[in-house]
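Residues per chain are reported as follows:
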There are 2 protein chains.
Amino acid sequence: MIRVLIADDHQMFIDGLKSLLERESGIEITGSANNGTQALECIEAQKPDVVLLDINMPEMNGINTTALIRKKYPAVKVLILTMYKTKGFINGLTRTGAAGYILKNTSHSELMEAIRTVAAGGTFFSKEVAETLSDKKPRFEVHSDASLSKREIEIIREIAKGLTTKQIAEKLFISYYTIETHRKNILSKLQLTNTAEVILYASQSGLLD
Amino acid sequence: MIRVLIADDHQMFIDGLKSLLERESGIEITGSANNGTQALECIEAQKPDVVLLDINMPEMNGINTTALIRKKYPAVKVLILTMYKTKGFINGLTRTGAAGYILKNTSHSELMEAIRTVAAGGTFFSKEVAETLSDKKPRFEVHSDASLSKREIEIIREIAKGLTTKQIAEKLFISYYTIETHRKNILSKLQLTNTAEVILYASQSGLLD
DNA sequence: TAAAAAATAACCAATGTCAGGTATTGTCTA
DNA sequence: TAGACAATACCTGACATTGGTTATTTTTTA
């Protein structure tokens, strides 16, 4: 019996998935959570074998949650379930120790295969995800990590509000050059080239909620 | 018996919802579609009573699909199912004739209530959506995406991919100056001042994908 | 407590965007 | 069929971003 915990911010998705998985033999849904913090509490209480984790959740994002799960409960397998195949996320998550990464547009049978594979100690990546992984080439040692710092996230939020580098510097009472540096580090960490891509990434990954 | 069609670009979501709704008495799932075009084909073939429509789908977006369904099949009720509660989008859809608008984080019971209400000829809006509708201060003005031209939306999508004005001009085989003009018109129509705001708006209103 | 990471600051050249215009042609529709 | 809208194109000056660097101070973590 594989014990599974579902963490997703959309209750409707949880309900549907639960109904779907309950029909499968050999799988038991221990519970569900709507964010990372809740997920950790559920793991503590329920000790599942596999956690189906959405990365687009409020309060605590997927990377941080994965890192905490791996640290506190090394026996629990993390299977990332998401709509996005953002390079930064995939790299960050696999490095953090996710056992698998599948997209929400994958089929029922592939989902089952993924759950069984990671429960058995293996790794599972959707075809599209695997392709993204294979063409990664981290250019900078220090800044190739997808985990953005608090300050960087704060600055992305100001950019999303439409503020310019100069305006952000004034608002945060720090130098224009510092903001410039942060912006450059953000682009570098996410392996992007301009603001438009950063805002799209931030919006889609729930960084702005 | 209420005949329901599900349209969503995530197969996993469809599978889950299907499994969930099949357990309900009085509801029959006639089929599913992964985009707007497919949804229209399914309606023609299956004549459902209610269409559960995700607005964040590729190929054809929710507003266009809703408009076409209302025009060709006035008897079919459209129940919008989405993650977003963006003002401009909600207004656009209700104006187009959607019978209901519920968020993906709503509960199972609320979903059932929504389906039954719209099937009976009523309207149903999630609490949060209703609040957004009654909100006097819209985040984005009435100049919303209804007034953006096809070309403008196309250009916004290219900007979101990270292309510069020059690159877009080359890709679309038109002048750099034309793209500049379109960008200025986009900013003016949406009453925004820079690219970051445009991308956030586009992303949150489901203009992309 | 030593090492790592984050936050700070600076400079400059190249490139890109924005805010003002003006103007022509094609297409839809009241 | 006239008027509105969409798409096209052009120009300029001002302003903003990006890439390539280096470097110090502060904070966090192992």
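Residues numbered from 1 in each chain as written. Chains lettered and ligands numbered in written order. Predicted model: local features only at pLDDT ≥ 70, side-chain atom pairs only at ≥ 80, totals over all residues. Heavy atoms only, no water.

Topic: the overall build of chain A
Inclusion rule: The secondary structure listing takes helices from DSSP runs of H or I that are at least 4 residues long and strands from runs of E that are at least 2 residues long, numbered from the N terminus. Each residue is assigned to one of three classes by its accessible area relative to the maximum for its type, calculated with a 1.4 Å probe on protein chains only: buried under 20%, partly exposed between the two thresholds, exposed over 50%. Should any heavy atoms of two residues lie within 4.5 Å, those residues are considered in contact. Areas reported as accessible are Shrake-Rupley estimates using a 1.4 Å probe. Residue values count occlusion only from the protein chains shown.
Per the secondary structure count, chain A includes ten helices and six strands. A buried classification covers 53% of the 209 residues belonging to chain A. Taking the intrachain contacts of chain A between residues at least 6 apart in sequence as the baseline, contacts between residues at least 24 apart amount to 64%. Accessible surface for chain A amounts to roughly 9,200 Å². Of this, 51% is attributable to carbon and sulfur atoms.

Quick look at the pattern of salt bridges
When the charged atoms of two side chains lie near each other, side chains of opposite charge can form a pair. The condition that has to hold: Each salt bridge in this description consists of a side-chain nitrogen of Lys or Arg and a carboxyl oxygen of Asp or Glu lying within 4 Å of one another.
Summed over the entire model, instances satisfying the criterion amount to 20 salt bridges over all chains. The salt bridge partner of Glu 158 of chain A is Lys 171 of chain A, with a shortest N-O separation of 2.9 Å. Of this pair, Glu 158 of chain A sits in helix H7 (residues 150–160) while Lys 171 of chain A sits in helix H8 (residues 165–172); the two residues are 13 residues apart in sequence, bridging distant segments of the chain. For Lys 171 of chain A, a relative accessible area of 42% corresponds to the partly exposed category. The salt bridge involving Arg 116 of chain B is made with Glu 24 of chain B; its shortest N-O contact spans 3.8 Å. Remark: Glu 24 of chain B occurs in the loop between helix H1 (11–22) and strand S2 (27–33) and Arg 116 of chain B occurs in helix H5 (residues 108–119); sequence separation between them is 92 residues.

Points about the pairing of strand S4 (residues 77–82) of chain B
Residue and element names in this part refer to chain B. This is how it is decided: At least two DSSP bridges between two strands are required for those strands to pair.
The element S4 is extensively covered by neighbouring structure, given that five of its six residues are classed as buried. Note: strand S3 (residues 50–54) against S4, five bridges, orientation parallel. When the bridges of S4 are listed, Val 51 appears paired with Val 78.

Comments concerning the protein's contact with DNA strand D
Rule in force here: When at least one non-hydrogen atom of a residue lies within 4 Å of a molecule or strand, that residue is treated as near it. Any pair of N or O atoms that falls within 3.5 Å is considered a polar contact. Within protein, one atom must be able to donate a hydrogen and the other to accept it, and sequence-neighbouring residues count only if both atoms are side-chain atoms.
Near DNA strand D, the surroundings consist of 22 residues, among which Thr 165, Tyr 176 and Lys 184 of chain A together with Ser 149 and Ser 175 of chain B are the closest. Close to the protein, within 4 Å, the atoms of DNA strand D belong to sugar or phosphate groups at a rate of 58%. A distance of 3.1 Å is found between a phosphate oxygen of DNA strand D and a side-chain nitrogen or oxygen belonging to Arg 183 of chain A. Between DNA strand D and the protein, one listed contact pairs a base oxygen with a side-chain N or O atom of Lys 184 of chain A at 2.3 Å.

Re the sheet that holds S2 of chain B
All names here are of chain B. This is how it is decided: Every angle, taken between N-to-C directions, lies between 0 and 180 degrees, and every axis is a line fitted to C-alpha atoms, over only the stretch in contact when it is a helix.
Across the sheet, six strands lie side by side as S2-S1-S3-S4-S5-S6; this open sheet has parallel pairing. Taken across any chain shown, the strands that pair with only one partner, and hence form the sheet edges, are S2 and strand S6 (124–125). Bridge count between strand S5 (residues 100–103) and S6: two bridges; the pairing is parallel. Paired with Gly 100 across the bridge in S6 is Phe 124. Of the strands in this sheet, strand S1 (2–7), S2, S3 and S4 touch H1, which is tilted by about 170° from S2.

Looking at the side chain of Asp 54 of chain A
Residue and element names in this part refer to chain A. Within the secondary structure, Asp 54 sits in strand S3 (residues 50–54). Judged by relative accessible area, which is 2%, Asp 54 ranks as buried. Contacts of Asp 54, omitting those with residues within four sequence positions, involve Ala 7, Asp 8, Asp 9, Leu 81, Thr 82 and Lys 104.

Overview of the relation of the copies chain B and chain A
Here is the rule: The copies were overlaid with a least-squares fit restricted to C-alpha atoms from residues scoring a pLDDT of at least 70 in each copy.
The transform that puts chain B on chain A rotates by 179° and translates by 0.4 Å along the axis, for an RMSD of 2.4 Å. Given the turn and translation reported, the copies of this chain are related as if by a two-fold rotation axis. Across chain B, the smallest distance between a C-alpha and the rotation axis is recorded for Gly 16 of chain B, namely 2.3 Å. Of the residues that chain B buries at the interface, 97% are likewise interface residues in chain A, meaning the two copies contact each other through the same surface.

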